[in-house]
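Below, each chain spelled out in residue letters.
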Amino acid sequence: MTAESSTPSPSHAFLPDDELPLRGVKVLELSHMIMGPAGGLVLADLGAEVIKVEPLDGDRTRRLKGSGIGYFPVFSRNKQSLAVDLKSTEGQALVRQLALGCDMLIENFRDDSLAQYGLDYASLSAANPGLIYVSLKGFLSGPYKQRTALDEVVQMMGGMAYINGSTGAPQRVAPSVNDILGGTFGVVGALAALHDRQRTGRGRQVRAGLFENNLLLVAQFIAQHQLSGQAPVPMGDKRTPPWGVYDIFDTQDGGRIFVAVVSDANWQTFCQDFLPAGWSADERLRTAVQREAARPWLVPEVAAILKQWKTADLCAALEASGLSYGPIRQPYDLLSDPHLKQGGALIPTTMPGGQHVDAAALPIEFDGQKMGKRLDPQPVGAQTRSILRGLGLDDERIASLIEHGVVAA
């Protein structure tokens, strides 16, 4: 990237390593693409020691281009890399040995595919009863359980693409929302199981599903249909918001700002600060229901008034008024957002090849402090030697495994 790094302000302090809540927790990550790595990232940022098991040539997200080029740098920090051939008997034995010393294992392979390597929950928990085994899948229990799924697949079949697009033209939500949130829900279950282990001494198998995650995200629209008897209007159509002023408005200098006036108190403030005298006393606009009914003439009139403002001036006035608003921006614009920069939400990250990106910190604070970066995304197999030494292998044995293609370092 040629953009200047958005290094956090020195005034922002990250949570010290010895205060991270999951310090001492050991996690083995057997995952690929987004859902598994996203779950592993949450655990790693919270302080867990995460060992990511990769093929000898590395996780395939390392090689993605186009819209996939950002996956690896965003979801791979704070993890160690072990490159191993899982198809080899020796490689399987090494990973099993690692799993027996871990608190958690997180995986997002097809159901039962790890059983052939002796890395399924039944096999591992028999030897490590305290293991918390997190399986991130396309579908949970039911007729679809064995299906292969992708984020876009469940968006299409789960109503999200329909409600996000326009009639006859479903459109996926651009971010991988089901992968990321699904992985996060897997971590929620894992942390609950970790807490329960203190009482029982035993681990659990935790499963999270893309499709069921999608269901939660569209549940409000299902309830809307049931309660109103009317199907929700896709976002790309001319939908009717439940508030009179809840729209994107153009400004004098070509900017666009979303403005939300969602209560009677908001309306009075909006009238006082932005509209000509007399609007606050208009009986046609006294309640939210009346303002919603008046949208056909209200929104164009408000739009004409707000278009007289320059973008920066309107943002400043909306900020001062306490009303909800948001300028329309591209993702790249967030690199210069003062709130994100000063709050430490952007983490300067160096890739194995030397490229620099600014990745997002977890959207969590403990006592006002975010979790930072302990380790940049690592080269393939960067920690292979040290991990194998931790298993008791000497350098001669490790060299033999490398020579025979069992591991890479």
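Definitions and cut-offs
Residues numbered from 1 in each chain as written. Predicted model: local features only at pLDDT ≥ 70, side-chain atom pairs only at ≥ 80, totals over all residues. Heavy atoms only, no water. Helix = DSSP H or I, 4+ residues; strand = E, 2+ residues; numbered from the N terminus. Buried < 20%, exposed > 50% of the residue type's maximum accessible area, 1.4 Å probe, protein only. Contact = heavy atoms within 4.5 Å. Areas by Shrake-Rupley, 256 points an atom, 1.4 Å probe, with all protein chains shown as cover. Axes fitted to C-alpha atoms, helices over the stretch in contact; angles between N-to-C directions. Parallel < 35°, antiparallel > 145°, perpendicular 65-115°, else oblique. Left-handed = near helix turned anticlockwise from the far one by under 90°. Pairing = 2+ DSSP bridges. Right-handed = clockwise from strand over helix to strand, strands pointing away. Arc of directions from axis to C-beta.

Draft legend 1. Up close: the overall build of the protein chain. When helices and strands are counted, the protein chain shows 15 helices and twelve strands. With the principal axes as the frame, the protein chain shows a C-alpha extent of 85 × 50 × 45 Å. Residues counted as buried form 44% of the 409 residues belonging to the protein chain. Looking at the protein chain alone, contacts between residues at least 24 apart form 71% of all its contacts between residues at least 6 apart. By element, 54% of the accessible surface of the protein chain is carried by carbon and sulfur atoms, the whole surface being about 20700 Å².

Draft legend 2. Examining the packing of helix H1 (residues 35–45) against helix H7 (residues 177–200) more closely. Relative orientation of the contacting elements H1 and H7 amounts to 50 degrees, with a least axis distance of 7 Å. As summarised for this structure, H1 and H7 are arranged oblique, according to the angle between their axes. Both H1 and H7 take part in a crossing whose hand is right-handed. Between H1 and H7, the contacting residues are Met 35, Ala 38, Gly 39, Val 42 and Leu 43 on the first element and Asp 179, Ile 180, Gly 182, Gly 183, Thr 184, Val 187 and Leu 191 on the second.

Draft legend 3. Structural context of the pairing of strand E1 (residues 26–30). E1 sits mainly inside the fold: four of its five residues count as buried. Sheet topology note: the E1/strand E2 (residues 49–54) ladder contains four bridges and is parallel. Bridged to Leu 28 within E2 is Ile 51. Of the crossover connections in this fold, the one passing from E1 over H1 to the parallel E2 is right-handed.

Draft legend 4. Quick look at the environment of Gly 209. Mapped onto the elements of the fold, Gly 209 is located in strand E6 (residues 205–209). Residue Gly 209 is classed as buried on the basis of its relative accessible area, which comes to 7%. Those residues in contact with Gly 209 that sit more than four places away from it in its chain are Met 35, Lys 137, Gly 138 and Leu 140.

Draft legend 5. View of helix H9 (residues 264–274). Turning to H9, its buried residues number three or more, namely Asn 266, Trp 267, Phe 270, Cys 271 and Phe 274. Along the axis of H9, the buried residues cluster in a sector spanning 135 degrees; they form a single face. The outward face of H9, more than 90 degrees from its buried face, is lined by the exposed residues Ala 265 and Gln 272. Buried positions along H9 lie against strand E7 (245–250), strand E8 (256–261), helix H10 (288–293), helix H11 (295–306) and helix H12 (311–321).

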